[in-house]
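Below are the chains, spelled out letter by letter.
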Amino acid sequence: MKRTRWAGRAMGRWAVAGALASLAGVGAFLGIAYRSDLPAVPTPKAADFPPELVSRGAALATIGDCIVCHTADGGVAYAGGRALATPFGTLYSTNITPDPEGGIGGWSKEAFKRAMRDGVSRDGRHLYPALPYDHYRRVHDGDLDAIYAFLMTRPTASAPAKANDLIFPLGFRPLLAGWKLLFLHQEEFTPRPDRDAEWNRGAYLAEGLGHCSGCHSPRNLAGAEETGDSAYSGGVAEGWVAPALNGSSPAAIPWMADSLFTYLRTGIDGRHGAAAGPMGPVVHGLSRAPEADVRAIATYIASLSADRPRAAPKTPSPPDRTAEAAKASPAGATLFAGACAGCHESGAPMMTQGRPGLSTVTALQLDRPDNAIRAILQGIHAPTGPAGPAMPPFAASLTDAQVADLAAYLRSRFSDRPAWTSLETAAATVRKEDSQP
Amino acid sequence: MTVTLTVNGADHALEVDPSTPLLYVLRDDLELNGAKYGCGLGQCGACTVHIDGKPAFSCLTPVGAVAGRRIRTVEGLGSAEAPGLLQQAFEKEQAAQCGYCIAGMIMRAQALLDRVPDPDEAQIRAHMQTNLCRCGTHMRILRAVRRAVAMRKGVQAAQEVRP
Ligand code: FES
Ligand code: FES
C-alpha cells in the first residue's frame, strides 16, 4: 500500500516534471513563435510617394507577379481572395490594397518589410510560405520601399480575408515559426564579382522577386524548396510540370539567352513552344516589365543550364517519325490528322508563321505526360493578349482513351524518349480536377 | 470505314475516313448546314455543336472520335416552323447580321442554359467568349441570351401557376 502510494507519488512527480519540461519547451517555442504586432498607422496618401518611386515599384511588382496570386478571378486587382491549392490544403490570398480594414492600409513601411522578409503580418501572425518570403529576403531595401509605394497607391478594395482551409494542425500559425527556423535563412542578394552586371541583375530578380525556383525546384515534405544541386531541377505548379532549368533541362534544343528572352517576353519561342498553365500569367507580367530586366533574367536562367552537354544530338534534326508513330498508335494518327494537323502539320498555316514544330516542344520531351495532356484537354490561353499563342481545348471532343492514344502518338512521333505509361489514368485525373468547382 | 453517328437522336451509318472533321460530315453527308466553317482552327466557334451535352468545335473533331456519342446541332433545337427557345430569342432580338456565326452562338448558349438555370451577366459573358461574330453583333447576341433566360423563367412561372 505504502509502496504503491510512493510509487504513485513518484509517478506523479515524473508526470509533473514531464509536464513542466514540455511546458518549458512549448514556452520556449512560443517565445520564438511570438511576434509582436506593429502599431497601425494612418493610411499614407498617394501624394506622399514620388511618382518615380511608384513607377519603379510597379515594374518590380510586375516581375514579382504579385497581382497573380493576390487577385481573384474577375476580382479587383490586388484585393486577394484567390484560392491557392497546396499539398496542405487551400489558402486564400489576402487583400494588399491600401484599405485600412481588409487590406494593408494601416501597415507602416516597417510592417510591410517585416512581412516580405520574415513572413509576419502587421498584427504579429505568421504568414504561410505560399507568400515566397524565402525569396523576398534577398530583395534590396530600396526596392521594397518602391513596392510599398506602388501598393499604397493602388485603388482600395474592402475585401475581407477568406478563411483558409488547411489540414490539421496547420491552421495553428505558431507552428510556422518552426518551419522558418528550419528553412528561412536566405540573405540579401550580393552580386557575384566573377559575373557581369546583366547576369547579376538577372540573378537578383530571378532569385528574389521573380521567385522562379518556387516552381522550377522540387520541394521537400515540409513544402520547402530543395537547394544545392537540386535547385532548378524541376518542380510542379498547379498540376503542370515546371521543367528543369539546370543542366537536366529536357528542352529538345538547349535554351539560350535569346530564345529565353523571346519566350518570356512573348509567350512563345520558335524552338521551344508556348507558355502554358501557370507560366501564362508569368509571361503576361514579363511582357510588360522593363525589357532590360527581362533580358537579364533570360541571361541568368540560360546560364543555369550552360553545363548541359551541347554536343550534336543523336538525330541530326529533331525527330519526326510519321510512319513509325502511325504504326505504334494508329488510332492516335487518325486523331492527329483530324484534330491537330490543321495547325501542327508541316505546311499548315500556323507553321508558316514560325510557330514551333512539335518535335521541339518541351511538353513532349518531359518524363511525365501531364503538360501534354493538360494542353490537349484545357488548351492554351494566349498569355499576352489576342495575338499570343493559343490552342483550343479538346476536353469536350476527345475521351480519356482518345487523349491517351493521341499523346502516345505524339510522343512516339516527336520524341526520342521512352513511351509514356498510364496515359488514360493521367487524362482522367486532369479531367476530374477540371470538373471540380 | 463505317462510322455510326447519332445526330439529334437519329443514327446514321456513314462510309467515311475517320479523320474527317465532323463539320464536313454534318454538312456534306447529312446536309445539316446550320454549323458553319469559319476558321477551321478552333478560333471562331461558328462550327459549334454539342458532343455528349458539351459544346465543341466540330471543325477540329475527327468524326471517328465521336462514333456512338450524342451529337446535337442547331437543327436539333427547333425548326423554322417550331423554333426553340433560343432561336425565338435570337429572332426577337434580331441578333443576326449576316447570320454566319449564329448557329454556333446558339449552340454555345444552349450549353450554358442546359447547365445553369439562371446564369448572371458575368457567367453569360465568360461562357460566350469563345465565339466570335465578324459582324460585331455581340451586344444583340448577349441580349438574345438574356431574353431566352427570361423567357424560360416566364414559361416556368406560367407552368407553376397552372394547376
Ligand atoms: S470553324 Fe471551327 S472554330 Fe472556327
Ligand atoms: S452575324 Fe455575321 S458573323 Fe455574326
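Residues numbered from 1 in each chain as written. Chains lettered and ligands numbered in written order. Predicted model: local features only at pLDDT ≥ 70, side-chain atom pairs only at ≥ 80, totals over all residues. Heavy atoms only, no water.

Chemist: Explain the nonpolar core here, please?
Modeler: The nonpolar side chains of a soluble globular protein tend to be buried with one another. All names here are of chain A. Among the nonpolar cores identified, the biggest contains 56 residues, and Leu151, Leu264 and Ile301 are the most heavily contacted of them. Elements supplying a minimum of two residues to this core: helix H2 (51–64), helix H4 (109–118), helix H5 (133–136), helix H6 (141–152), helix H8 (197–207), helix H10 (257–266), helix H11 (279–286) and helix H12 (291–304). Here this core spans two domains, since at least three of its residues come from each of domain 1 (13–183) and domain 2 (197–304). Those residues in contact with Leu151 that sit more than four places away from it in its chain are Tyr78, Ile96, Pro98, Ile104 and Phe112. (Core = buried A, V, L, I, M, F, W, Y, C linked by side-chain atoms within 4.5 Å. Buried < 20%, exposed > 50% of the residue type's maximum accessible area, 1.4 Å probe, protein only. Helix = DSSP H or I, 4+ residues; strand = E, 2+ residues; numbered from the N terminus. Domains from an automatic or database assignment. Contact = heavy atoms within 4.5 Å.)

Chemist: Before we go on, may I ask you to explain the pattern of salt bridges in this structure?
Modeler: Between side chains of opposite charge, a pair can form when the charged atoms approach closely. In total, this model carries 27 salt bridges over all chains according to the counting rule given. The shortest N-O distance in the salt bridge between Arg201(A) and Asp293(A) comes to 2.9 Å. Residue Arg201(A) is found in helix H8, and its partner Asp293(A) is found in helix H12; the two are separated by 92 residues along the sequence. Judged by its relative accessible area of 30%, Arg201(A) falls in the partly exposed class. The class of Asp293(A) is buried, set by a relative accessible area of 10%. Across the pair Asp52(B) and Arg69(B) runs a salt bridge, and its minimum N-O distance is 3.1 Å. (Salt bridge = Lys/Arg side-chain N within 4 Å of Asp/Glu carboxyl O.)

Chemist: So what exactly am I meant to see when it comes to H11(A) here?
Modeler: For the α-helix, the turn length of 3.6 residues means that residues three or four positions removed from each other point alike. Buried within H11(A) are the following residues: Met279(A), Gly280(A), Val283(A), Gly285(A) and Leu286(A). In the core, the buried residues of H11(A) are packed alongside H2, helix H9 (213–216), H10 and H12 of chain A.

Chemist: Would you mind showing me how to read the packing of helix H2 (residues 85–92) of chain B against helix H5 (residues 138–161) of chain B here?
Modeler: Angle between the axes and distance between the axes are the two parameters that describe a pair of packed helices. Residues and elements named next belong to chain B. It is at 8 Å that the axes of H2 and H5 come closest, and there the two elements cross at 130°. Classed by the angle they form, the pair H2 and H5 counts as oblique. The handedness of the crossing between H2 and H5 is right-handed. When H2 is examined against H5, the residues Leu85, Leu86, Gln88, Ala89, Phe90 and Lys92 are found in contact with a partner set consisting of Ile141, Ala144, Val145, Arg147, Ala148, Met151 and Arg152. Of the residues that constitute the contact of H2 with H5, the class distribution is 9 nonpolar, 1 polar and 3 charged. (Axes fitted to C-alpha atoms, helices over the stretch in contact; angles between N-to-C directions. Parallel < 35°, antiparallel > 145°, perpendicular 65-115°, else oblique. Left-handed = near helix turned anticlockwise from the far one by under 90°. Nonpolar A, V, L, I, M, F, W, Y, C, P; charged D, E, K, R; others polar.)

Chemist: Where do I start with the pairing of strand S1 (residues 2–7) of chain B in this structure?
Modeler: Two faces make up the sheet, and in a regular strand the side chains alternate between them. Residue and element names in this part refer to chain B. Two strands pair when backbone bridges link them, and S1 and strand S2 (residues 10–15) are joined in this way by 6 bridges, in the antiparallel orientation. Bridge pairing links Val7 to Ala10 in S2. Here S1 folds back onto S2 in antiparallel fashion, the turn holding 2 residues, of which Asn8 has a positive phi close to 50°. In this structure, S1 lies alongside strand S5 (residues 70–72), joined through 2 bridges in parallel fashion. Within S5, the residue paired with Thr6 across the bridge is Arg70. (Pairing = 2+ DSSP bridges.)

Chemist: Help me out: how do you make sense of the domain arrangement of chain A in this one?
Modeler: How large an interface is tends to be reported as the accessible area lost when its parts come together. All names here are of chain A. Partitioning chain A into structural domains gives domain 1 (13–183), domain 2 (197–304) and domain 3 (322–435). Here the C-alpha centroids of domain 2 and domain 3 sit 23 Å apart. Counting the surface lost from both domain 2 and domain 3, the interface buries some 1,700 Å², and carbon and sulfur atoms represent 66% of this. Of all residues in domain 2, Trp240, Val241 and Pro250 give up the largest surface area on contact with domain 3, accounting jointly for 32% of the area buried on that side. Counting across the interface, domain 2 meets domain 3 through 0 salt bridges. Our count for the domain 2 to domain 3 interface comes out at 4 residue pairs in polar contact (both at pLDDT 80 or more). (Buried area = accessible area lost by both parts, 1.4 Å probe. Polar contact = N/O pair within 3.5 Å; in protein donor to acceptor, adjacent residues only side chain to side chain.)

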